[in-house]
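Structure at a glance
Take a look at the letters that make up each chain.
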Amino acid sequence: MNQDSLKKATADAAMEYILPSLEKNTVIGVGTGSTANYFIDALAQYRNDFDGCVASSEASTQRLKAHNIPVYDLNSVDNIPFYIDGADEVNSSLQLTKGGGGALTREKIVAVVAKEFVCIADESKKVATLGSFPLPVEVIPMARSHVGRELVNLGGDPSYREGVITDNGNVILDVWNLTITDPVSLEQAINNITGVVSNGLFALKPADILFLGEKTGVRKVVSE
């Protein structure tokens, strides 16, 4: 199977996993990106079996609405049993880096609210140590230079993602050349920099389950 086929297979596996729990009043959290798009398309087949979704980005909102799936503001929802999203990297503890598409802050918010975070990823995203993929950091625009200097002090090499404004009106710094041996501590350290809104490490709240698409099929993984 090629990479797209693997992504679709993981999305279908996640759909099969949550399907028995769907009820008419169920609201599902949905992430952002190419793998999440496959899940949205799978979800559309069961439109009449659940209430609607909370989306982590405007792009996912538009895709959901194109399938006639209602999208709710998170503030109006008090129960999200599942959040389904992809990853840029995932380790054996199901700690992730995310945010290649710039939606990291909203992704992190919905993931924290949901009872269960289901990650879907193809085998290229599985790593022994996080950091090969640049770590996105969402930053208040006026603090960009200050945050960049602080990220250098943490051992990274930040670059400004030109021409990108997040759905929250902020900018993205992508931090290269990190070897992330302690994801929890680094997530906390970056979040403590004044001017940082959020960063793409999902270590304080890792995924609960991973459906990993491999050439031999989809493997369900739980954290070590």
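For the structure itself, look to the data block above.
1. Some details on the overall build of the chain
Across its full length, the chain carries six helices and 13 strands. Relative to the globule expectation of 17 Å for 224 residues, the C-alpha radius of gyration of the chain, 17 Å, shows essentially globular dimensions. On the principal axes, the C-alpha backbone points of the chain span a range of 50 × 40 × 25 Å. Taken over 224 residues, the chain has a buried fraction of 51%. Here the contacts in the chain between residues at least 6 apart in sequence split such that 73% fall between residues at least 24 apart. Total accessible area on the chain is roughly 10000 Å²; 48% of this is exposed by carbon and sulfur atoms.

2. Quick look at the environment of Gly148
Here Gly148 lies in helix α5 (residues 144-153). In sequence terms Gly148 and Thr216 are 68 residues apart; their C-alpha atoms lie 42 Å from each other. Not counting the four nearest positions on each side in its chain, Gly148 is found in contact with Pro158 and Leu173.

Definitions and cut-offs
Residues numbered from 1 in each chain as written. Predicted model: local features only at pLDDT ≥ 70, side-chain atom pairs only at ≥ 80, totals over all residues. Heavy atoms only, no water. Helix = DSSP H or I, 4+ residues; strand = E, 2+ residues; numbered from the N terminus. Rg over C-alpha atoms; globule rule 2.2 N^0.38 Å. Buried < 20%, exposed > 50% of the residue type's maximum accessible area, 1.4 Å probe, protein only. Contact = heavy atoms within 4.5 Å. Areas by Shrake-Rupley, 256 points an atom, 1.4 Å probe, with all protein chains shown as cover.

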